[in-house]
Amino acid sequence: MIIGSPENAIKILSDGGVIGYPTEAVFGLGCDPWNEKSVNKIADIKNRKKNKTFLLVASNIDQLKNLIDVNAITEEARSSWPGHISWLIPARKEVPSWLIDEETGLIGIRVSDHPVINKICNKFQSPIISTSANISGNKNIKDKNTFMSEFKNKVDYLVEGNLGNQDNPSIIIN
């Protein structure tokens, strides 16, 4: 696993790799959401069912235009961003099936205020997949050394940075 800056993670994302990074509360795993193989790679790493979708995180609302009708975002959602709240919102018809809950047609998204996430998304010019760095059912990881031990042969790149000041992963609201 390579460890480095948010800027250097972009090539990994573009090449279909999986990155680890600090979030507001825990370490996360991310990839290019438009690359189905990368998304499936994260599902495999987490031992997670393929039909269970992942949240996406962006640095600003404009990055969500290809995923949702940004004009339809409620004032409640807008006022919670940037921040620690994820929203389940109807996805655009052209969004790939692996990003949408097949039963509801919803996609989970949030706009972060974490500086590392924002640097990644700004440089990548897109939202990324954002899921807690843990094997499904296991505890969330809040320690860099634990992350490296758990994912050293599974994740391509770890972005340097500090966790935010939240105790728990983002709240999800429908």
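Preceding this paragraph is the structure being described.
Just so you know, these numbers come straight off a predicted model, no measurement behind them.

Student: Quick rundown of helix 2 (residues 36–46)? Include the residues and the values.
Tutor: For helix 2, the complete set of buried residues consists of Ser38, Val39, Ile42, Ala43, Ile45 and Lys46. In an axial view of helix 2, the angular spread of the buried residues amounts to 165°, which keeps them on one side of the axis. Residues of helix 2 that are buried make contact with strand 3 (27–30), strand 7 (128–132) and helix 5 (144–151). Here helix 2 starts with a cap whose side-chain oxygen sits 3.1 Å from the backbone nitrogen of Lys37, and that cap is Asn35. Phi turns positive, to about 60°, at Asn47, one or two residues after helix 2.

Student: Which residues make up the sheet that holds strand 4 (residues 55–58), and what values do they have?
Tutor: The strand order across the open sheet built from 9 strands is 1-8-2-3-7-4-6-5-9, with neighbouring strands paired in mixed fashion. Two strands close off the open sheet at either side, each with one partner strand: strand 1 (2–4) and strand 9 (171–173). Strand-to-strand, the axes of this sheet are offset by a mean angle of 35°, without reference to chain direction. Looking at chain direction, strand 1 and strand 8 (residues 157–159) are connected through 3 bridges and run parallel. Bridging across to strand 8, Ile3 finds its partner in Leu158. Along the sheet face, helix 2 touches strand 3 and strand 7 and points at about 5° away from the line of strand 7. Those strands touched by helix 4 (residues 115–124) are strand 2 (19–22), strand 4, strand 6 (106–111), strand 7 and strand 8, and its axis lies near 135° from that of strand 2.

So, how was this worked out
- Residues numbered from 1 in each chain as written.
- Predicted model: local features only at pLDDT ≥ 70, side-chain atom pairs only at ≥ 80, totals over all residues.
- Heavy atoms only, no water.
- Buried < 20%, exposed > 50% of the residue type's maximum accessible area, 1.4 Å probe, protein only.
- Helix = DSSP H or I, 4+ residues; strand = E, 2+ residues; numbered from the N terminus.
- Arc of directions from axis to C-beta.
- Contact = heavy atoms within 4.5 Å.
- Polar contact = N/O pair within 3.5 Å; in protein donor to acceptor, adjacent residues only side chain to side chain.
- Pairing = 2+ DSSP bridges.
- Axes fitted to C-alpha atoms, helices over the stretch in contact; angles between N-to-C directions.

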